[in-house]
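Here is how the chains run, residue by residue.
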Amino acid sequence: MKISKTQRGRAAAAVSVAAVLALTATACGDDGSGSGTEGSGKGEITFWDNNGGPRTAIWTEIIKDFEKANPDIKVKYVPIPIADVQSKYDTAIAGGGLPDVGGVGTAYLANMVSQEALEPLGDRITDSALKGKLVEGMVESVKDAGGRGDDMFAVPTSANNGALWYRTDLFESAGLKAPTTWADFYKAADKLTDAKKNKFGYTIRGGAGSIAQAMDAAYGQSGITEFWNGDTTTLNDPKNVAALEKYAALYKKSTPAADVNNDFTKMVAQWDTGTIGMLSHNLGSYQDHLKALGKEKFAGIPNPIGDGGTRVQVSNPVDGLGLFRSSKNKTAAWKFIEFAASHASNSKWNESAGAIPANTEAAKDPWISATEPTELAAKALTDGSTKIVQLPYYLPDWNNISKADNEPEFQKLLLGKVTAKAFLDKIAEELNKAQAEWKEIGNG
């Protein structure tokens, strides 16, 4: 499975962290400057969950299993909301309080590697039961995103994929077919909208996390399959500009007005009330939809196919577990990572999340074929039907540029205060500069 492939480098850029407050020292680790120790392999370790809340229940179960199998080790679980995770890590690196183990996604991996916060794991994997048991595409994604050649700074645990969730009952009542193409998508968005009755065809993400969804819609419609043309991004290509204009025009026409502020939790909750036809979100919300709507009222399919007959989507981050250099008990911390990435635990976690397992044995388990959205997503990524636009997770500035720095600008776009061209030109200029700086220090 080839999930992501980005440019690699010999060294990532050092980034400055302007953290004015340090986290309370809730971890066994210290700040990111020390090398830590292997420790006794016993005692307490601290684990930060990078999606605390939605994944707390399943991590609690896995931790219980781990402690039963390793009675000399106790795991202190700290749930970190997904929207806060990078800032929490940056603050702890600057001021102290890092955990022993933490959830680390490829979207912000390079930033942490450049600050020397994470332990390289290649040798540990080679000497463990995980050798040869990790999906190669996810391994390559982690290596690429780290920006240091073949060094590996996290053990991959799952890959997600975007899905277009739609209300099968509403589509059937309206005489609509599944929104498998962008033309069908826009037709359904219009036909299912009756604003006076508070019914809408689509819910658009305007709050936190909006940029990646906007990029997905732009590239999905334009058919452009490369993020870079040399060292210049294709993001503000005229075809992407036209596609984003059309997509953003759905706001308040076929979507609720509240969407301008909605992050994924609010967006998912809003869709689950049952009055909105379609939602773009990853596989992780499957269980929420199942609980709210029941299996017969919704379905999830890969992103729509473009006019050229090809499905194009942007790459999704690979999630994983990192071992922090400052840990005073790396032996115990590694045991936990190895256990969490094992067949049984990895399968259990991904079934709960509706994601694609990183453990090769877990990836073959029967539940995947029994969960249609996950099966379709896995197939779309492996059967050659989907072209992936590889996002530059390796850039230390990527997460800031693609999230907090420009999310307010996307809200301005929805509100008609900036044009799609101005919005994409701004991000493109920042990305081109970041790429040039990254290459100037010997990368690429």
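Below is a summary of the structure that appears in this document. In this text the structure is predicted, and so the values were computed from the model without any measurement.

Parameters and conventions
- Residues numbered from 1 in each chain as written.
- Predicted model: local features only at pLDDT ≥ 70, side-chain atom pairs only at ≥ 80, totals over all residues.
- Heavy atoms only, no water.
- Helix = DSSP H or I, 4+ residues; strand = E, 2+ residues; numbered from the N terminus.
- Buried < 20%, exposed > 50% of the residue type's maximum accessible area, 1.4 Å probe, protein only.
- Contact = heavy atoms within 4.5 Å.
- Areas by Shrake-Rupley, 256 points an atom, 1.4 Å probe, with all protein chains shown as cover.
- Lys, Arg positive; Asp, Glu negative; His and termini not counted.
- Charge placed at Lys NZ, Arg CZ, Asp CG, Glu CD.
- Axes fitted to C-alpha atoms, helices over the stretch in contact; angles between N-to-C directions.
- Parallel < 35°, antiparallel > 145°, perpendicular 65-115°, else oblique.
- Left-handed = near helix turned anticlockwise from the far one by under 90°.
- Nonpolar A, V, L, I, M, F, W, Y, C, P; charged D, E, K, R; others polar.
- Pairing = 2+ DSSP bridges.
- Polar contact = N/O pair within 3.5 Å; in protein donor to acceptor, adjacent residues only side chain to side chain.
- Phe/Tyr/Trp six-rings, centres within 6.5 Å; stacked < 30°, edge-to-face > 60°.

## Quick notes on the overall build of the protein
Each helix and strand counted, the protein has 18 helices and 14 strands in total. Split into buried and exposed, the 444 residues of the protein put 56% on the buried side. For the protein, the share of sequence-separated contacts (at least 6 apart) that also reach a separation of at least 24 residues comes to 77%. Surface accessibility of the protein: about 18000 Å² in total, with carbon and sulfur atoms responsible for 51%. Of the charged side chains in the protein, 48 are positive and 54 negative; the average position of the first set lies 4 Å away from that of the second.

## Some thoughts on the packing of helix α1 (residues 56-69) against helix α12 (residues 330-340)
Between α1 and α12, whose axes approach to 10 Å, the crossing angle comes to 120°. Judged on the interaxial angle alone, α12 and α1 are oblique. For the pair α1 and α12, the crossing hand works out as right-handed. Here W59, I62, I63, D65, F66 and A69 of α1 lie close against α12, whose contacting residues are A332, K335, F336, F339 and A340. Taken together, the residues of the contact of α1 with α12 break down into nine nonpolar, no polar and two charged.

## What to know about the sheet that holds strand β10 (residues 298-301)
Strand order in the open sheet made by the four strands is β6-β9-β5-β10, with mixed pairing throughout. Of all strands in the sheet, those with a lone pairing partner are β6 (200-203) and β10, marking the two edges. Shown here is a sheet whose adjacent strand axes are inclined to one another by a mean of 20°, direction ignored. Of the strand pairs in this sheet, β6 and strand β9 (residues 276-282) are connected by three bridges, and their pairing is parallel. Residue pairing for β9: F200 is matched across the bridge by I276. Each of β5 (162-167), β6, β9 and β10 is contacted by helix α10 (residues 264-271), which is oriented at about 145° to β9, the strand it contacts most. Here helix α11 (residues 286-293) sits on the sheet in contact with β5, β9 and β10, set at roughly 160° to β10.

## Concerning the environment of D263
Within the element layout of this structure, D263 appears in the loop between α9 (238-248) and α10. Spatially, the C-alpha atoms of D263 and A436 are 31 Å apart, while their sequence positions differ by 173 residues. If near-sequence neighbours (up to four positions away) are discounted, D263 is found in contact with R205, G207 and A208. There is a polar contact of 3.1 Å between the side chain of D263 and the backbone nitrogen of K266.

## Observations concerning the packing of aromatic side chains
One pass over the full model with this rule turns up 26 aromatic pairs. Ring geometry for W182 versus Y186: centroids 6.2 Å apart, planes at 35°, classification tilted. Placement of the pair is W182 and Y186 together in helix α7 (residues 182-191), with a separation of four residues, close to one helical turn. As far as the burial class goes, W182 and Y186 line up, both buried. Between the aromatic rings of F227 and W228, the centroid separation amounts to 5.4 Å while the plane-to-plane angle is 85°, which identifies the pairing as edge-to-face. An identical accessibility class is assigned to F227 and W228; each is buried.

## Notes on helix α5 (residues 136-146)
Most of α5 is tucked away: nine of the eleven residues are buried. Residues of α5 that are buried in the fold lie against α3 (109-114), β4 (155-159), β12 (318-323) and β13 (356-357). Directly after α5, the chain includes G147, whose backbone phi takes a positive value near 75°.

## Details of the packing of helix α8 (residues 210-222) against α9
Describing two packed helices takes the angle between their axes plus the distance from one axis to the other. At their nearest, the axes of α8 and α9 sit 8 Å apart, and the two run at 120° to each other. By the angle between their directions, the pair α8 and α9 is classed as oblique. In this structure, α8 crosses over α9, and the sense of that crossing is right-handed. For the pair α8 and α9, contact is made by Q213, A214, A217, A218, Y219, Q221 and S222 and by K239, N240, A243, L244, K246 and Y247, respectively.

From the geometry alone we can't say anything about function, so treat these as descriptive.
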